[in-house]
Amino acid sequence: MSIVDHNSVEGWRGFNIKDYDFLITGVEFDCFYKGSLLHILGYGIDPNHPDILDICAKSKKETQYDIVRLFKSRHPKKVIDAIHNAGGIAVFAHPCCCWVINLDAYTKSLKNLGLDGIEVYYPYKRHRGIIKFHSRKKIKDIALKYNLIITGGTDEHGSLIRQYAN
């Protein structure tokens, strides 16, 4: 299990991960690629690695406000390289709601940039359930076709974290 913030590793500051043997470090970056906004997760990263810190948000606005996050989005190649340099794996987050016509070709191009995995299992709650363009089965087929690591996420925004912290 990993706890990730958008464009920030500040949540890991002062956090002793060794106290929680079920946790791995993580981060989620906003990216813009081939006309579509996407999120790339970095799992198992060193949150103090300079390449990660270089692409992290420089203000609270870059972590909270969608419009600011859109204009501050990064290129996936830079994000994937930073994740790898920091010892982690790069995962395409919640791809069912990615606004692309040919998700297979889009994912293949991300794989060519170094992508390691894809989030197959995700609840698609709130607005993500409305703007879902692809099926979970299609995502799993793409993962298998391109030999990508299959992951799952909850997008709990705090409720699960509070449960485990107590």
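About the thresholds
For every chain, the first residue of its written sequence is number 1, and the numbers climb from 1 along that sequence. Whole-chain, interface and lining totals are the exception, using all residues; otherwise, since this is a predicted model, local features are given only for residues with pLDDT of at least 70 and side-chain atom pairs are given and counted only at 80 or more. Excluding hydrogens and water, the side-chain values take into account all heavy atoms of the structure. Only DSSP runs of H or I with at least four residues qualify as helices, and only runs of E with at least two residues qualify as strands; both kinds are numbered from the N terminus onward. The rule is simple: take the accessible area with a 1.4 Å probe, protein chains only, and divide by the maximum for that residue type; under 20% is buried, over 50% is exposed, in between is partly exposed. Positive charges are assigned to Lys and Arg, negative charges to Asp and Glu, while His and the chain termini are left out of the count. The salt bridge criterion pairs a side-chain nitrogen of Lys or Arg with a carboxyl oxygen of Asp or Glu, the two atoms within 4 Å. Whenever a nitrogen or oxygen atom comes within 3.5 Å of another N or O atom, the pair is scored as a polar contact, on the condition that within protein one atom can donate a hydrogen and the other can accept it, and that pairs from neighbouring residues in sequence are kept only if both atoms are in side chains. Note on definitions: a residue-residue contact is assigned when non-hydrogen atoms from the two residues lie within 4.5 Å. The set of buried Ala, Val, Leu, Ile, Met, Phe, Trp, Tyr and Cys residues whose side-chain atoms join them within 4.5 Å is what this entry labels a nonpolar core. DSSP bridges decide pairing: two strands pair if at least two such bridges lie between them. Only C-alpha atoms enter the line fits that serve as axes; for helices the fit covers just the stretch in contact. Angles between N-to-C directions range over 0 to 180 degrees.

Novice: Is there a simple way to explain unusual backbone geometry in this structure?
Specialist: Leaving glycine out, the prevailing phi sign among residues is negative, and the prevailing peptide bond configuration is trans. One non-glycine residue, Asn7, lies in the positive phi region at around 60°. Along the chain, the position of Asn7 falls in the segment before strand 1 (26-33). Of note, His94 is a non-glycine position whose phi angle comes to about 25°, a positive value. For His94, the location among the structural elements is in the loop between strand 3 (89-92) and helix 5 (103-112).

Novice: Got a minute to help me understand the side chain of Arg74 in this structure?
Specialist: Examined against the element boundaries, Arg74 turns out to sit in the loop between helix 3 (66-71) and helix 4 (76-85). Put simply, Arg74 is tucked away with no salt bridge, and the nearest opposite charge, on Glu62, sits 4.1 Å away. A polar atom in the side chain of Arg74 sits 3.0 Å from the backbone oxygen of Lys72. With near-sequence residues (within four places) excluded, Arg74 lies in contact with Asn7, Phe29, Asp30, Cys31, Phe32, Ile55, Cys56, Ala57, Glu62 and Val79.

Novice: Please clarify how the nonpolar core should be interpreted in this entry.
Specialist: Taken as a class, soluble globular proteins show a tendency for nonpolar side chains to be buried jointly. Residues Leu38, Ile40, Ile52, Phe92, Leu103, Tyr106 and Leu110 are the most contacted members of the largest nonpolar core, which totals 34 residues. Mapped by element, the contributors of at least two residues to this core are strand 1, strand 2 (36-43), helix 1 (50-55), helix 4, strand 3, helix 5, strand 4 (117-121) and helix 7 (136-145). Apart from residues no more than four positions distant in its own chain, Leu110 is found in contact with Tyr33, Leu38, Pro76, Ile80, Phe92 and Leu115.

Novice: Could you clarify how one ought to interpret the pairing of strand 1 in this entry?
Specialist: On any regular strand, side chains alternate: one points to one face of the sheet, the next to the other face. With 7 of 8 residues buried, strand 1 is to be regarded as a mostly interior element. Across 8 bridges, strand 1 lies against strand 2 in antiparallel orientation. Bridging from a neighbouring strand, Glu28 pairs with Leu41 of strand 2. Hairpin connection of strand 1 to strand 2: 2 residues between the antiparallel strands, including Lys34 at a positive phi of 50°.

Novice: Mind showing me how you'd approach the sheet that holds strand 2 here?
Specialist: Sheets are built from strands that pair by backbone hydrogen bonding, the pairs being arranged parallel or antiparallel. Strands sit in the order 1-2-3-4-5 across an open sheet of 5 strands; the sheet is mixed. Of all the strands in the sheet, the pair left with one neighbour each is strand 1 and strand 5 (149-152). Put simply, the sheet's adjacent strands are angled 40° from each other on average, direction ignored. On top of the sheet, helix 4 reaches strand 1, strand 2 and strand 3; it is set at about 5° to strand 2, its chief contact.

Novice: Would you mind showing me how to read the side chain of Ser8 here?
Specialist: With respect to the helices, strands and loops of the structure, Ser8 is situated in the segment before strand 1. Assessed through its relative accessible area of 11%, Ser8 is described here as buried. Within polar-contact distance, the side chain of Ser8 engages the backbone nitrogen of Glu10 at 3.0 Å. Among all residues touching Ser8, those that are not within four sequence positions of it are Val27, Cys56 and Thr63.

Novice: Honestly, the pattern of salt bridges in this entry has me stumped. Any pointers?
Specialist: Once their charged atoms are close, side chains differing in charge can pair, the charge on each being opposite to the other. Considering all chains together, one arrives at 5 salt bridges under this definition. Between Arg69 and Asp30 there is a salt bridge, with its nearest N and O atoms 2.8 Å apart. Placement of Arg69 in helix 3 and of Asp30 in strand 1 is noted, with a sequence separation of 39 residues between them. For the pair shown, Arg69 and Asp30 are each scored as buried. Between Lys145 and Asp104 there is a salt bridge, with its nearest N and O atoms 3.0 Å apart. One end of the pair, Lys145, is in helix 7; the other, Asp104, is in helix 5, with 41 residues separating them in the sequence.

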